[in-house]
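# Chain and residue survey
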Amino acid sequence: MLRQLNCVSRGILATGCTSTLFRSNRHQSCSIAVGQEVKEALLSHQPVVALESTIITHGMPYPQNLETAIKVEDIIRKEGAVPATIAIIKGQVHAGITCEQLHFLAAKKDPCIKTSRRDFPYVLAKGISGGTTVSGTMIIAHKMNIPIFVTGGIGGVHRGGENTLDISADLTELGRTPVTVVSAGVKSILDIGKTLEYLETQGVCVTVLGSDPKFPDFFTRDSGYTAPYHVESPALAALMMQKRAELDINSGMLIAVPIPQRYEIEGQQIKNAIEQAVKEAESAVRGRDVTPYILQRILEITGGQSLKSNIALIENNAKIGAQIAVEYAKLTSPSSYKPPGYFPSNELKASEARGKPVRYKGDT
């Protein structure tokens, strides 16, 4: 049933679900399989939003991971942008994946590695599958000239990081790769204050999209810390992106979007759950397994409430991220931008040449 819904939502592309091999201009040896929908959008300068795949492979249980992946892609399309889920499948990097590939990743039919910057050589050489983290997704998005990427929450400095040096590669990637990341702030299991300090050191512009600079921490709207800046609209966030690009600043931006208020978990409840989960993790796991372990324990301790909140904030981030992408396209490609629902398609180029609007099948 889920497969049928996903294919229908993708309209004309579901009939073929083909991809094109793309060789990065920056590194001619790096080949990326680009989904047809993404390829058409990039060639016609339409807004594209990158999505990570670790949330599918490691962030949620099945089938909620698949349902959320489908919903997030549909939200982005409804806002007038094209989703580009980035993943590695059997040693091949993909930007924009098919119906079947989404199911493959969600069901975890093969071993799948959380893939950050350090992991690409091994995963690709071994021909195995990988769910790209924030860091890994940013790398591929930048190679594809996709300027914006939506996720749930970024990694950061772990609690006690001043002693363990357990600091997410997401932070250094934001300091070296010019992609804008839209998230619900930093995961609340981390040291928020030290994470913000580290981002400042890396030269990352951190901005809250909202009426005040209160920095969110995933499950709650106010972490107790403030961001350096805040903007009130997606249009202003897009303008910031444009100004960063004009100066050719080779670092990313973080746009923090607070979780919708009705899905916010009561502060003390989530604090207690996090404290318990973090304490258990200290003696149970290490390295990249820490975050998935803690999130799973929080899910169990909160009786499923954390998963509902997680899904809600990701869907909200997708909507806001797509709106920013559309505004950015208006600024950077005003003559090429088309209203939501209209994109060129190879099968319909003759219709486009006659001056008629081109719609994907299934649009209403």
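Scroll up to find the structure this text is about.
A quick note: this is a predicted structure, and the numbers were derived from the prediction, not measured. (Residues numbered from 1 in each chain as written. Predicted model: local features only at pLDDT ≥ 70, side-chain atom pairs only at ≥ 80, totals over all residues. Heavy atoms only, no water.)

## Quick look at helix 13 (residues 290-301)
Here helix 13 is 12 residues long and its end C-alpha atoms lie 16 Å apart, about the 16 Å a rise of 1.5 Å per residue gives. When helix 13 is considered as a whole, its buried residues turn out to be Val290, Thr291, Ile294, Leu295, Arg297, Ile298 and Leu299. Among the residues trailing helix 13, Gly303 stands out with phi positive, at a value near 65 degrees. (Helix = DSSP H or I, 4+ residues; strand = E, 2+ residues; numbered from the N terminus. Expected span 1.5 Å × (residues − 1). Buried < 20%, exposed > 50% of the residue type's maximum accessible area, 1.4 Å probe, protein only.)

## Quick notes on the nonpolar core
Core analysis: the biggest nonpolar cluster contains 89 residues, and Ile154, Phe215, Ile298 and Ile324 have the highest contact counts within it. Looking at this core element by element, the count peaks at 12 residues for helix 14 (residues 305-332). In terms of nonpolar packing, the next biggest core, distinct from the first, is built from 12 residues, Ile56, Ala87, Leu105 and Cys112 among them. (Core = buried A, V, L, I, M, F, W, Y, C linked by side-chain atoms within 4.5 Å.)

## Things to note about the environment of Ile294
As for its position among the elements, Ile294 is in helix 13. With near-sequence residues (within four places) excluded, Ile294 lies in contact with Ile189, Ala277, Val278 and Ala281. (Contact = heavy atoms within 4.5 Å.)

## Considerations on helix 4 (residues 64-78)
The first and last C-alpha atoms of helix 4 sit 21 Å apart over 15 residues, in line with the 21 Å expected at 1.5 Å per residue. Of all 15 residues in helix 4, 11 are buried, a share of seventy percent or more. Just downstream of helix 4 lies Gly80, where phi reads positive at about 100 degrees.

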